[in-house]
Amino acid sequence: MRDKIHRSGSAGRAPNSVQEASLVLTANSGFTGIRATDEPVAVGMADDRICWVAHPDAVGTASAPVAARAQVRRFAEGFLMPGFHDAHLHFFHAALYDSPLAASFVGASETDCVERLRRFATTRPRGSWLLAQGWREYLWDPPQTPSRHSLDAAFPDRPVALYSGDAHTLWLNSRALDQLGITAASTPPAGGAYDHDAEGELTGIVRETAAMELTARIVDAFTREELLGAYEAFQSKLNALGVTSVCDMALTATTGLDFVRDDLFCALEETGRLTLRTHLFPTLTRDARRLEELQARLTGPLLRPCGCKQFFDGVSSQHTAWLAEPYANARTPGEVGRPTLDPTLMEELVSAAVGAGRMVRIHTIGDEAIHQALNIYERACEDLGEDLGEGTGESAGPGSIQKGRLVLEHLENFQPEDIARLAKLGVVASVQPRHLTLDPGGPERDLGPERVPWMWPLRQLLDAGAVLAFGTDAPVVDPDPLRGVYTALTRQDADTREPKGGWLPQERITAAEALRAYTWGSAYACGRESELGRLAPGMLADIAVFDRDLLHASPEELLDARAQAVFVGGRQVK
């Protein structure tokens, strides 16, 4: 069924009150952010907002007026849509590991990773830290956890740190441990671990909050100018992929540097170089002064602090995700992972945030972490007599942020009853589709076949009425949104096209549903759905034009699609 194109001369508004457009885009087809249209579409923009949406034949009429010197750009085979909005990435790490400052690779084995690092070392100043990201030991041959010894042999006098592909584990050499002051007797922060061998010596593997804390110290080796260059280059890469908005999520569960670098974004904004609408989510702690200060200072349309984020567990592949029942391949009797933050403290933090009308987003991967987080959300809102589905603050108008929205991040495996429960409570499901194919056979190995049907249940979530928001978790996966759309449609990996027929194919969703999750759903997750994520009058003019119809292209054709032009607030950034 065709979507009726929004006409700016709608009921209750006189046609002559429609603002004249200074820039008009027309295309063969499009996506308004809610539904598809098979008709040609035109979008008129003035200043930083959309003033009307119409059929190209109406351009220049009273319902779609244009200024005398308006620019009209026609994309004959183009596809107009709201710009993609990555609902969950870690900008600092994604920019850093996409730059010449660090290396990024999975590697075929521990030995292969060391050799790749040797080659990278020739590009960095002598004696400086060597930093890389991406290793996943479960994809290696043999699939074994690495240790400091292989790094020590290659780099006895230089500190080395390799961040895992899932961003939860550090692999360090002895020189790095020495510089960081970590010894066999050191006590890790709550929710973290320093691995030891059978003799009680450090292996060089550091996990969860301990890894996050140490990474904050390691990256101090880079200058502000180096990081600004990485930020600017990475945002240009995102723009070229059709991305116009991002949610930059904290990557520590504790106080201190959480890698949400408002100073770097501000530097870009002050010099007119910020080309992404950026939403900041620093760490949720007892002390809310950082968020309050950011929200008081950053009120412009491009850079907004929206709420806070916290971790409740880790990842299944490392057995740090919190499960209700033991892992299928438990390493110790009854192993179920653990919460990275004490549930009592989590409840205290959430209750205070909800009471103050603040937005909260929680990392929950294991089914027990999801279950307990939903319990906490529900109790916090019941205490205030609030409905989670409506948020806990006043309704957002243009230019404002919906207060009190509650979101869960990642959502890898559910207790079956929690799928409908999440939807009923109005909690947003922020999911990264490409995660479901990162570890072929991993869910069966770690969780067992009986729990697999409840993993990344996108179809079930939508059918239950949940709001989906899509992102990438970059640098965990490539930031290209179309690769995530491909996986949501096919349940296959965008690189290998495996497994044949798709993993849990009954959980596939449609192209329109995936695009909506990646536009309006992501805007909803950060409380800006009143002005982002749709092509409609009054919305911010964040628009991507692709070279083919993304709604009717085959999944394979989607992977070949390219953005022809991208606009943020009516300003062309690609």
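Predicted model, so just to flag it, every value in this text is computed and none were measured.

How each quantity is defined
- Residues numbered from 1 in each chain as written.
- Predicted model: local features only at pLDDT ≥ 70, side-chain atom pairs only at ≥ 80, totals over all residues.
- Heavy atoms only, no water.
- 1 Å grid on protein atoms, 1.4 Å probe; cavity = no way out; pocket = protein on both sides within 12 Å on 5 of 7 lines; lining within 4 Å.
- Points joined across faces, edges and corners; volume = space filled by probe spheres on them.
- Helix = DSSP H or I, 4+ residues; strand = E, 2+ residues; numbered from the N terminus.
- Buried < 20%, exposed > 50% of the residue type's maximum accessible area, 1.4 Å probe, protein only.
- Nonpolar A, V, L, I, M, F, W, Y, C, P; charged D, E, K, R; others polar.
- Expected span 1.5 Å × (residues − 1).
- Arc of directions from axis to C-beta.
- Contact = heavy atoms within 4.5 Å.
- Polar contact = N/O pair within 3.5 Å; in protein donor to acceptor, adjacent residues only side chain to side chain.
- Pairing = 2+ DSSP bridges.
- Axes fitted to C-alpha atoms, helices over the stretch in contact; angles between N-to-C directions.
- Salt bridge = Lys/Arg side-chain N within 4 Å of Asp/Glu carboxyl O.

S.K.: Go over empty space enclosed by the protein with me, naming the residues and quoting the values.
M.R.: Under the definition given, this model contains two cavities of 30 Å³ or more. Of the voids in this model, the largest cavity is the one considered here, and its volume is about 350 Å³. Val-315, Ser-317, Glu-412, His-435 and Leu-438 are the residues nearest the centre of the largest cavity, which is lined by 26 residues in total. Of the residues forming the lining of the largest cavity, the biggest block, four residues, is contributed by helix H12 (residues 442-447). Volume-wise, the second largest cavity comes out at about 80 Å³. In terms of lining residues, the second largest cavity is bounded by Pro-82, Gly-83, Phe-84, His-85, Thr-244, Ser-245, Thr-519, Leu-532, Gly-533, Arg-534, Leu-540 and Asp-542.

S.K.: Run through unusual backbone geometry, naming residues and quoting values.
M.R.: Residue Asp-141 is joined to Pro-142 through a cis peptide bond whose omega torsion reads 5°. With respect to the element layout, Pro-142 can be found in the loop between strand S8 (130-135) and helix H3 (148-154). Cis rather than trans, the peptide bond between Glu-498 and Pro-499 has omega equal to -10°. The topology assignment puts Pro-499 in the loop between helix H14 (481-490) and helix H15 (511-517). At Leu-411, a position not held by glycine, the phi torsion is positive, near 50°. Relative to the elements of secondary structure, Leu-411 occurs in the loop between strand S18 (406-410) and helix H11 (417-425). Take Leu-411: its relative accessible area is 1%, and that puts it in the buried class. In the Ramachandran plot, Leu-504 falls in the positive-phi region, its phi being about 50° despite a non-glycine side chain. Assignment of secondary structure puts Leu-504 in the loop between H14 and H15. For Leu-504, a relative accessible area of 13% corresponds to the buried category.

S.K.: Quick one: what's the story with the layout of surface pockets, residue by residue and with numbers?
M.R.: In this structure, the largest pocket encloses a volume near 710 Å³. Considering the residues around the largest pocket, the lining is formed by 35 residues, among which Arg-434, Leu-438, Val-476, Val-477 and Asp-495 are closest to the centre. Elements supplying a minimum of two residues to the lining of the largest pocket: helix H1 (91-97), S8, helix H6 (224-240) and H12. Residue composition of the lining of the largest pocket, grouped by class: 17 nonpolar, seven polar and eleven charged.

S.K.: Can you lay out helix H9 (residues 343-355) for me, pointing to particular residues and giving the numbers?
M.R.: The terminal C-alpha atoms of H9 lie 18 Å apart, and with 13 residues this matches the ideal 18 Å at 1.5 Å per residue to within 8%. Here H9 has its buried residues at Met-346, Leu-349, Val-350, Ala-353 and Val-354. Buried residues in H9, looked at end-on, bunch into an arc of 125°, giving them a common side. For H9, the secondary structure elements touched by its buried residues are strand S16 (307-311), strand S17 (359-364), helix H10 (367-384) and S18. Between a side-chain oxygen at the N-terminus of H9 and the backbone nitrogen of Thr-344 the separation is 2.8 Å; the capping residue is Asp-342. Once H9 finishes, Gly-357 follows within two positions and takes phi at roughly 75°, a positive value.

S.K.: A description of the pairing of strand S4 (residues 49-54) should follow, citing residues and the corresponding values.
M.R.: Where burial is concerned, most of S4 is hidden: five out of the six residues are buried. As paired strands, strand S3 (residues 41-46) and S4 are joined by five bridges and run antiparallel to one another. The partner of Met-45 across the bridge, within S4, is Ile-50. Hairpin remark: S3 followed by S4, antiparallel, with two residues in the connecting loop; positive phi at Asp-47, about 55°.

S.K.: Provide a residue-level description of the sheet that holds S18, including the pertinent values.
M.R.: Across the sheet, five strands lie side by side as S16-S17-S18-S19-S20; this open sheet has parallel pairing. The open sheet is flanked by S16 and strand S20 (468-470), the only strands paired with a single partner. In this sheet, adjacent strand axes meet at a mean angle of 25° when their direction is disregarded. Alignment of strand S19 (residues 428-431) against S20, held across three bridges, turns out to be parallel. Residue pairing for S20: Ala-429 is matched across the bridge by Leu-468. Packed onto the sheet, H9 meets S16, S17 and S18 and runs at close to 155° relative to S17.

S.K.: Quick one: what's the story with H11, residue by residue and with numbers?
M.R.: Listed in full, the buried residues belonging to H11 are Asp-418, Ile-419, Arg-421, Leu-422, Ala-423 and Leu-425. Next to the buried residues of H11 lie H10, S18, S19 and helix H13 (458-463). Immediately beyond the C-terminal end of H11, within one or two residues, lies Gly-426, with a positive phi of roughly 80°.

S.K.: Give a description of the pattern of salt bridges that names residues and reports values.
M.R.: In this structure the tally under the stated criterion is 34 salt bridges. Notably, a salt bridge pairs Asp-152 with Arg-148, separated by 3.6 Å at the nearest N-O pair. Of this pair, Asp-152 and Arg-148 both sit in helix H3, four residues apart, which is roughly one turn of the helix. What makes Arg-148 buried here is its relative accessible area of 14%. Arg-445 is the partner of Asp-439 in a salt bridge, and the nearest nitrogen-oxygen pair spans 2.7 Å. According to the relative accessible area criterion, Arg-445 is partly exposed, its value standing at 32%. Via salt bridges that share partners, Asp-258, Asp-262, Arg-290, Glu-293 and Arg-297 belong to a single interconnected network.

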